[in-house]
Amino acid sequence: MVYVGKSYPIHDALDKATGRTVYAGDMELKGMLHMAVLFSKIPHGFVKKLDYSKAMELPGVVDVLYYGNTCQKEHNRYHSQYRQDLIHTGRIFNQHVRFVGEGECGACTVIIDGEAMHSCLVLACQPEGKSVLTIEGLEENGELDKIQKIFIEEIAIQCGYCTTGMIMSTKALLMHNPHPTETEIRNALAGNICRCSGYTQILRAVKKTSEEA
């Protein structure tokens, strides 16, 4: 951020660069319900009839909402937001687990045997016997990794949701290629999505890290 020609660091950049940031999705409140959203496989398709009796027998399921059992007013609200029919399943879990399972955003990137991988696509048994490096493992004796330091210095952190994944993908890239070209950097970060920065500060941070390697 720049105000009247001066740069000011983001106050919580350290937490975001080390994976310690707490988001609303990490919070637990008494009696809290969790909602799972399932999209129709047919674009703009409507599920008009659904047998969800088995789902209702599962522990913790409170309700299942879909086009056929929800009033038209509610459907219009959901439809205008998602542009597809939705099936909402409310479940109560003992603990909240942030899980995507589609590998779209890259926020969960870890390094397995030297390769950047989306952890949401990795089965729990797959890393057995392999080296696994997470964002928490970058710090040594309380000292931040150079990548984390430069991401903070270059203000390559905004909301912070993508930051840990960006840093881990950068780490994997520089482990194999200490001095990548801009094209190689862009290719390495292609699996990590940022909706805040336009990638300018992120690319600058990766370049600076490689130049100081």
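A brief structural summary. These numbers come from a predicted model, not from an experiment.

Calculation criteria
- For every chain, the first residue of the written sequence is number 1, and numbering continues from 1 along that sequence.
- Predicted model: local features are reported for residues with pLDDT of at least 70 only, side-chain atom pairs are reported and counted for 80 or more only, and whole-chain, interface and lining totals are derived from all residues.
- Excluding hydrogens and water, the side-chain values take into account all heavy atoms of the structure.
- Simply put, an axis is a line fit to the C-alpha atoms, just over the touching stretch for a helix, and the angle between two N-to-C directions goes from 0 to 180 degrees.
- Helix numbers and strand numbers start at the N terminus; a helix is a DSSP run of H or I with at least 4 residues, a strand a run of E with at least 2.
- These descriptions rest on fixed angle ranges, namely under 35 degrees for roughly parallel, over 145 for roughly antiparallel, 65 to 115 for roughly perpendicular, and the rest for oblique.
- For a crossing to be left-handed, the near helix must be turned anticlockwise from the far one by less than a right angle; the clockwise case is right-handed.
- Note on definitions: a residue-residue contact is assigned when non-hydrogen atoms from the two residues lie within 4.5 Å.
- Gly counts as polar in this scheme, as do all residues outside two lists: the nonpolar Ala, Val, Leu, Ile, Met, Phe, Trp, Tyr, Cys and Pro, and the charged Asp, Glu, Lys and Arg.

## Remarks on the packing of helix H4 (residues 146-153) against helix H5 (residues 163-176)
Following both chains from N to C, one finds H4 and H5 inclined at 130 degrees, their axes separated by 10 Å at the closest point. Here H4 is positioned oblique relative to H5, judged by the angle of their axes. Judged by the twist between their axes, the crossing of H4 over H5 is right-handed. Of the residues in H5, those in contact with Ile147, Gln148 and Phe151 of H4 are Met166, Ile167, Thr170, Lys171 and Leu174. Residue classes in the contact of H4 with H5 are distributed as five nonpolar, two polar and one charged.

## A closer look at the packing of H4 against helix H7 (residues 200-211)
Their axes nearest at 9 Å, the elements H4 and H7 cross at an angle of 135 degrees. Between H4 and H7, the crossing angle belongs to the class labelled oblique. For the element pair H4 and H7, the recorded crossing hand is right-handed. Contacts between H4 and H7 involve Lys146, Ile147, Ile150, Phe151 and Glu153 on the former and, on the latter, Ile202, Ala205, Val206, Lys208 and Thr209.

Distances and angles like these do not, on their own, reveal function.
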